[in-house]
Amino acid sequence: MARGQSGFTLIELIAIIVILGVIGITISARMPDGDIAAVQSSRDDLIAALFFAQQKAMAQSDISLEINTGSVSVARGGNDIIVHQDAYPRAFASGVTATNTLSFAYNKLGAIVGLTEPEQVTLQKGSTSATITIEPSGYAY
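So, here's what we can say about the structure. (Residues numbered from 1 in each chain as written. Predicted model: local features only at pLDDT ≥ 70, side-chain atom pairs only at ≥ 80, totals over all residues. Heavy atoms only, no water.)

## Side note on helix α2 (residues 34-59)
So, point 1. Given a rise of 1.5 Å per residue, 26 residues ought to cover 38 Å, and the 37 Å separating the end C-alpha atoms of α2 matches this to within 8%.
So, point 2. Every buried residue of α2 is listed here: A38, V39, S42, L46, I47, A49, L50, A53, Q54 and A57.
So, point 3. On its buried face, α2 sits against β1 (63-67), β2 (71-76), β9 (119-125) and β10 (128-134). (Helix = DSSP H or I, 4+ residues; strand = E, 2+ residues; numbered from the N terminus. Expected span 1.5 Å × (residues − 1). Buried < 20%, exposed > 50% of the residue type's maximum accessible area, 1.4 Å probe, protein only. Contact = heavy atoms within 4.5 Å.)

Following this line, the structure appears as structure tokens:
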């Protein structure tokens, strides 16, 4: 190279490309499977809806929650609840389905009316699944 010119040599460019390739492979190997991420996201949405319904029931009356195969809905007096720009029913992630449908009504203590034994609902996408247990007290895990 002539004086005053600067740049990278071919060896330096190849070394950088190899390093970036190794970093890319390492990061992609640590990324969760799409099915796992979708099921976990839907599980979090469902548990959040269960807790939201319980908290809403302790502040207001006539709160119900319905779990369908592809969504969860929280309603007051039969009308879906709108929170900021988000509204119920809330759809699960694409391809995630609930194995059973459930409907709950809450009392002023946040407990589920008429539920005496824990209920379970399983969310599934492909071979990946997550099971949520709902206690008569309204607690979900």
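We are not done yet, so read on.
## Focus on the pattern of salt bridges
So, point 1. Tallied over the entire structure, the rule returns two salt bridges.
So, point 2. The partner of K125 in a salt bridge is D35, with the nearest N and O atoms 3.8 Å apart. Residue K125 is found in strand β9, and its partner D35 is found in helix α2; the two are separated by 90 residues along the sequence.
So, point 3. For K125, a relative accessible area of 22% puts it in the partly exposed group. (Salt bridge = Lys/Arg side-chain N within 4 Å of Asp/Glu carboxyl O.)

## A look at the nonpolar core
Soluble globular proteins tend to pack their nonpolar side chains together in the buried interior.
So, point 1. L46, L65, I67, F104, Y106, I132 and I134 are the most contacted members of the largest nonpolar core, which totals 29 residues.
So, point 2. Residue contributions to this core peak at eight residues, all from α2.
So, point 3. If sequence neighbours within four positions are ignored, F104 has contacts with I63, S64, L65, I67, I112, L115, E119 and I134. (Core = buried A, V, L, I, M, F, W, Y, C linked by side-chain atoms within 4.5 Å.)

## Side note on the pairing of β10
So, point 1. Across the seven residues of β10, five count as buried, placing the element largely inside the fold.
So, point 2. Relative to β10, β9 runs antiparallel, the two being bridged by seven bridges. When the bridges of β10 are listed, K125 appears paired with T128.
So, point 3. As consecutive antiparallel partners, β9 and β10 are separated by two residues, and within that stretch G126 has a phi angle of approximately 60°, a positive value. (Pairing = 2+ DSSP bridges.)

## A few points about unusual backbone geometry
So, point 1. Notably, D62 is not glycine yet its phi reads approximately 60°, a positive angle.
So, point 2. Considering the arrangement of structural elements, one finds D62 in the loop between α2 and β1.

## A short note on the packing of aromatic side chains
So, point 1. All chains considered together, the criterion is met by three aromatic pairs.
So, point 2. A network of ring pairs unites the aromatic residues F51, Y139 and Y141 as a single cluster. (Phe/Tyr/Trp six-rings, centres within 6.5 Å; stacked < 30°, edge-to-face > 60°.)

## Considering the sheet that holds β10
So, point 1. Here three strands make up an open sheet; going across it, the order is β7-β9-β10 and the pairing antiparallel. Each having just a single partner strand, β7 (97-98) and β10 make up the two edges of the open sheet.
So, point 2. The sheet contacts of α2 involve β9 and β10, and relative to β10 the element is tilted by about 15°. (Axes fitted to C-alpha atoms, helices over the stretch in contact; angles between N-to-C directions.)

## Here we look at the pairing of β2
So, point 1. Where burial is concerned, most of β2 is hidden: five out of the six residues are buried.
So, point 2. Where β1 lies against β2, five bridges are found, and the strand directions are antiparallel. Along β2, the bridge assignment pairs E66 with S73.
So, point 3. Between β1 and β2, which pair antiparallel one after the other, the connecting turn spans three residues.
So, point 4. Sheet topology places β2 next to strand β6 (residues 90-91); two bridges connect them, and they run antiparallel. Note on β6: the bridge partner recorded for S71 is A91.
So, point 5. Pairing of β2 with strand β3 (residues 79-80), which is carried by two bridges, proceeds in the antiparallel orientation. Note on β3: the bridge partner recorded for A75 is D80.
So, point 6. Remark: two residues form the turn of the hairpin made by β2 and β3, two consecutive strands paired antiparallel; G77 in that turn has positive phi of roughly 60°.

Just geometry here; none of it tells us what the structure is for.
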